[in-house]
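# Structural overview
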Amino acid sequence: MNINFFAPTKMIIGSGCVLTGGKLLSSLGKRCLIVTGKSSAKASGALDDALSVLEEQNIAYDIFDSIRQNPTVSSCKEAGEIAKSINADFILGIGGGSALDAAKAVAVFAANDLDESGLYSYNWEKAPLPVVCIGTTAGTGSEVTPVSVLTASDNRKKSIRDDRIYPVLSFGDAKYTASLSDFFTRSCAVDALSHSIESYFSKSANDVSRMFAIRSCELLLPLLEKGAENLTSQDRDSLYLASVYAGYAISVTGTAFPHAMGYFLSESYDIPHGSACAVFLSDFLLWSQRFAADDAKNFSIKTGYDIEEVINIVKKTTPTVDIRIADSDIDALYPRWIDNKGLLRSPGSFLPDDANALLIKLFKHY
Ligand SMILES: [Zn+2]
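Residues numbered from 1 in each chain as written. Predicted model: local features only at pLDDT ≥ 70, side-chain atom pairs only at ≥ 80, totals over all residues. Heavy atoms only, no water.

## Focus on a negative patch on the surface
Negative charge collects at one region of the surface, where E225, D306, E308 and E309 lie side by side. Mapping D306 onto the fold places it in the loop between α13 (293–303) and α14 (307–317). Residue classification places D306 among the partly exposed positions, given a relative accessible area of 35%. (Patch = residues over 30% accessible without salt bridge, like charges linked within 9 Å, V, L, I, M, F, W, Y side chains within 5 Å. Areas by Shrake-Rupley, 256 points an atom, 1.4 Å probe, with all protein chains shown as cover. Salt bridge = Lys/Arg side-chain N within 4 Å of Asp/Glu carboxyl O. Lys, Arg positive; Asp, Glu negative; His and termini not counted. Charge placed at Lys NZ, Arg CZ, Asp CG, Glu CD. Helix = DSSP H or I, 4+ residues; strand = E, 2+ residues; numbered from the N terminus. Buried < 20%, exposed > 50% of the residue type's maximum accessible area, 1.4 Å probe, protein only.)

## Some details on the packing of helix α7 (residues 182–201) against α14
Running from N to C, α7 and α14 cross one another at 150 degrees; their axes reach a closest spacing of 10 Å. Taken as axis vectors, α7 and α14 run roughly antiparallel relative to one another. Helix-helix and strand crossings are classified by hand; for α7 and α14 the assignment is left-handed. Contact residues: α7 offers R186, V190, L193, I197 and F201, while α14 offers I307, V310, V314, K316 and T317. Looking at side-chain class alone, the contact of α7 with α14 contains 7 nonpolar, 1 polar and 2 charged residues. (Axes fitted to C-alpha atoms, helices over the stretch in contact; angles between N-to-C directions. Parallel < 35°, antiparallel > 145°, perpendicular 65-115°, else oblique. Left-handed = near helix turned anticlockwise from the far one by under 90°. Contact = heavy atoms within 4.5 Å. Nonpolar A, V, L, I, M, F, W, Y, C, P; charged D, E, K, R; others polar.)

## Quick notes on the side chain of T253
Relative to the helices and strands, T253 resides in helix α9 (residues 233–253). At 2.9 Å, the side chain of T253 and the side chain of S199 are in polar contact. Excluding residues that lie within four positions of it along the chain, T253 makes contacts with S199, S202, S204, A205, S209 and R345. (Polar contact = N/O pair within 3.5 Å; in protein donor to acceptor, adjacent residues only side chain to side chain.)

## As for the coordination of the zinc ion
Distances from the zinc ion to its protein donors, D191 (OD), H195 (NE2), H259 (NE2) and H273 (NE2), fall within 2.1 to 2.2 Å. Here the zinc ion is ringed by 4 donor atoms whose angles at the metal span 85 to 173 degrees, and the overall shape comes out irregular. On the basis of relative accessible area, H195 is assigned to the buried category, the value being 3%. (Donors = N, O, S within 2.8 Å, 3.2 Å for Na, K, Ca; no water. Tetrahedral: all angles 85-135°; square planar, octahedral: opposite > 155°, others 65-115°.)

## Structural notes on the sheet that holds strand β4 (residues 90–95)
Across the sheet, 6 strands lie side by side as β1-β8-β5-β4-β2-β3; this open sheet has parallel pairing. Across the chains shown, the open sheet's two edge strands, defined by having one partner strand only, are β1 (10–13) and β3 (60–64). Strand-to-strand, the axes of this sheet are offset by a mean angle of 15 degrees, without reference to chain direction. As paired strands, strand β2 (residues 31–36) and β4 are joined by 5 bridges and run parallel to one another. (Pairing = 2+ DSSP bridges.)

## Remarks on the packing of helix α8 (residues 207–226) against α14
To describe two helices that pack against each other, one gives the angle between their axes and the distance between the axes. It is the contact of α8 with α14, at a shortest axis distance of 9 Å, that shows an interaxial angle of 55 degrees. Taken together, the axes of α8 and α14 are oblique relative to one another. Along this stretch, α8 crosses α14, giving a crossing that reads as left-handed. Two secondary-structure elements touch here, α8 through L221, L224, E225 and K226 and α14 through V310, I313, K316 and T317. The residue inventory of the contact of α8 with α14, partitioned by class, reads 4 nonpolar, 1 polar and 3 charged.

## Some details on the domain arrangement of the protein
Taken as a whole, the protein is organised into domain 1 (10–176) and domain 2 (185–363). Relative placement of domain 1 and domain 2: their C-alpha centres are 26 Å apart. Contact with domain 1, which involves 23 residues of that partner, is made by 24 residues of domain 2. Taking both sides of the interface into account, the surface hidden between domain 1 and domain 2 amounts to around 1900 Å²; carbon and sulfur atoms contribute 58%. (Domains from an automatic or database assignment. Buried area = accessible area lost by both parts, 1.4 Å probe.)

## Examining the nonpolar core
I197, F201 and L265 are the most contacted members of the largest nonpolar core, which has 63 residues in total. Residue assignment for this core shows that the elements contributing at least two residues are α7, α8, α9, α10 (257–269), α12 (281–291), α13, α14 and α18 (352–363). Ranked by residue count, the leading element in this core is α8, at 10 residues. Two domains share this core, each providing at least three of its residues, namely domain 1 (10–176) and domain 2 (185–363). Beyond its immediate stretch of four places on either side in the chain, I197 contacts C217, L281, F284, L285, F299 and V310. Judged by nonpolar contacts, the second largest core, of 32 residues, contains A111, W124, L129 and A152. (Core = buried A, V, L, I, M, F, W, Y, C linked by side-chain atoms within 4.5 Å.)

## Digging into the packing of aromatic side chains
Here the structure, examined in full by the defined rule, presents 16 aromatic pairs. On the numbers, 5.0 Å between centres and 80 degrees between planes, the contact of Y200 with F201 is edge-to-face. The burial state of Y200 is the same as that of F201; both residues are buried. The cationic tip of K158 hangs over the ring face of Y120; the distance from NZ or CZ to the ring centre is 5.9 Å. The cationic tip of R210 hangs over the ring face of Y200; the distance from NZ or CZ to the ring centre is 4.6 Å. (Phe/Tyr/Trp six-rings, centres within 6.5 Å; stacked < 30°, edge-to-face > 60°. Lys NZ or Arg CZ within 6 Å of the ring centre and 35° of its normal.)

## Focus: the environment of V244
Considering the arrangement of structural elements, one finds V244 in helix α9. Measuring from C-alpha to C-alpha, the distance between V244 and F299 comes to 19 Å, with 55 residues separating the pair along the chain. Among residues more than four places away in sequence, those in contact with V244 are M11, I13 and V144.

Right under this line is the structure:
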């Protein structure tokens, strides 16, 4: 059995952990750039907590708050230039997956003179600045992964994955997730569920990734079965933990076809990331049951849920994705699926024809 597991991020989870653990920031330097979006860091209280810690530690900061959902490479480059101009010692990302993924790319731009192709070439002369993350959603798992998913100038989502962009330090306090709408809570929760299920059935799975994937599902499935509305603070703690465990799982395996196909829905129809991926999750479960039957049996034994029950939970939780796609647009996507890593990692052999057939089944424009 081959195991390859690396989790270098100091991950601190718990109530009040930013305030109590903030002193760890002082070892990273005297000046930082905060990378965040327009609202969630403020509404959640995470930004206020971060600012009070920075002030207490005498760390100067500037705030770049123009990161939007599906962050662009150009916005990361812009923030990177600001970080350079203030001689930032580290980057502090606050928010959901968009802000945290952006913070990792900003750290690369801040240390190097690169354009977009330089970013994706991985020929970075200098090591990225250290990245610290404060998560405000329970979904992404980006707090513990070496992955940054960005929208490139051709409007395609392209990720960078490199050990040099692991956050050095991440904080998770589930109270920050309480200000999210029910819609967004559900979208983030099904993102975490997609991560754990795609990882579990991935051809790249190993014993360690499966341990995290199963623990994540053990936390998520009963919670989502009950309903992702009116969550208690204990439920939010569980949801957040599940999202981090799912992050550890995909840091080993990457994701499979639901994420590969979900990226297309986010790019072209502006569907939130979690819903865009989870809309393919029921079919991924059926596909896995067919082509990885033993794994599916084990999954059910370990989680206590059979595949049909999981599908019912996915359907109940995933916000509706109400789009129709013309046949010609589906045909035009074919080249995108050739040698696509997410398809290749899926069980059996999920081919470009299978991807197009699934799009026709779910979104055909009659
Ligand atoms: Zn995701």
